[in-house]
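Chain and residue survey
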Amino acid sequence: MSIRVIPFDAGSYPGSGQSVYYVSGPVSTLDTAQLDQSHGPGFIDSEAQLAQYRLLLERLEAAALPPTESQNLIHDIANQL
């Protein structure tokens, strides 16, 4: 697991405002996305919907800092508190 940070100056980014957990493994037909919703968790496992969440996560990853830079930003912010 790694923590990746989207920098403040990135502006808006895809998927802001909702958390998505994407679970994948060697058998892609078992992939599942879990969405946190106000009425409880929602689970998605249809290929068409999963393709949309894979695209969303690819875009988020492209906007995020690499792990080392993310860690440095977190430390910088913590030191300013």
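Refer to the structure presented above.
In what follows, the accompanying structure is described. (Residues numbered from 1 in each chain as written. Predicted model: local features only at pLDDT ≥ 70, side-chain atom pairs only at ≥ 80, totals over all residues. Heavy atoms only, no water.)

Looking now at the overall build of the protein chain. Each helix and strand in the protein chain was counted, giving two helices and three strands. Each helix and strand of the protein chain, placed in order from N terminus to C terminus, yields the pattern β-β-β-α-α. At 15 Å, the protein chain has a C-alpha radius of gyration far larger than the 12 Å of a compact globule built from 81 residues. Taking the principal axes of the C-alpha coordinates as reference, the protein chain spans close to 45 × 30 × 20 Å. Of all 81 residues assigned to the protein chain, the portion counted as buried reaches 22%. A separation threshold of at least 6 residues defines the contact pool for the protein chain, and within that pool the share at least 24 residues apart is 45%. When the accessible surface of the protein chain is summed, it comes to about 6100 Å², and 55% of that surface belongs to carbon and sulfur atoms. (Helix = DSSP H or I, 4+ residues; strand = E, 2+ residues; numbered from the N terminus. Rg over C-alpha atoms; globule rule 2.2 N^0.38 Å. Buried < 20%, exposed > 50% of the residue type's maximum accessible area, 1.4 Å probe, protein only. Contact = heavy atoms within 4.5 Å. Areas by Shrake-Rupley, 256 points an atom, 1.4 Å probe, with all protein chains shown as cover.)

The subject of this paragraph is the pattern of salt bridges. A full pass over the atoms with the stated rule returns two salt bridges. Taking the shortest distance from any N to any O, the salt bridge between Arg4 and Glu61 comes out at 3.5 Å. With a gap of 57 residues between them, Arg4 in the segment before β1 (20-23) and Glu61 in helix α1 (residues 47-63) connect regions that are remote in the sequence. (Salt bridge = Lys/Arg side-chain N within 4 Å of Asp/Glu carboxyl O.)

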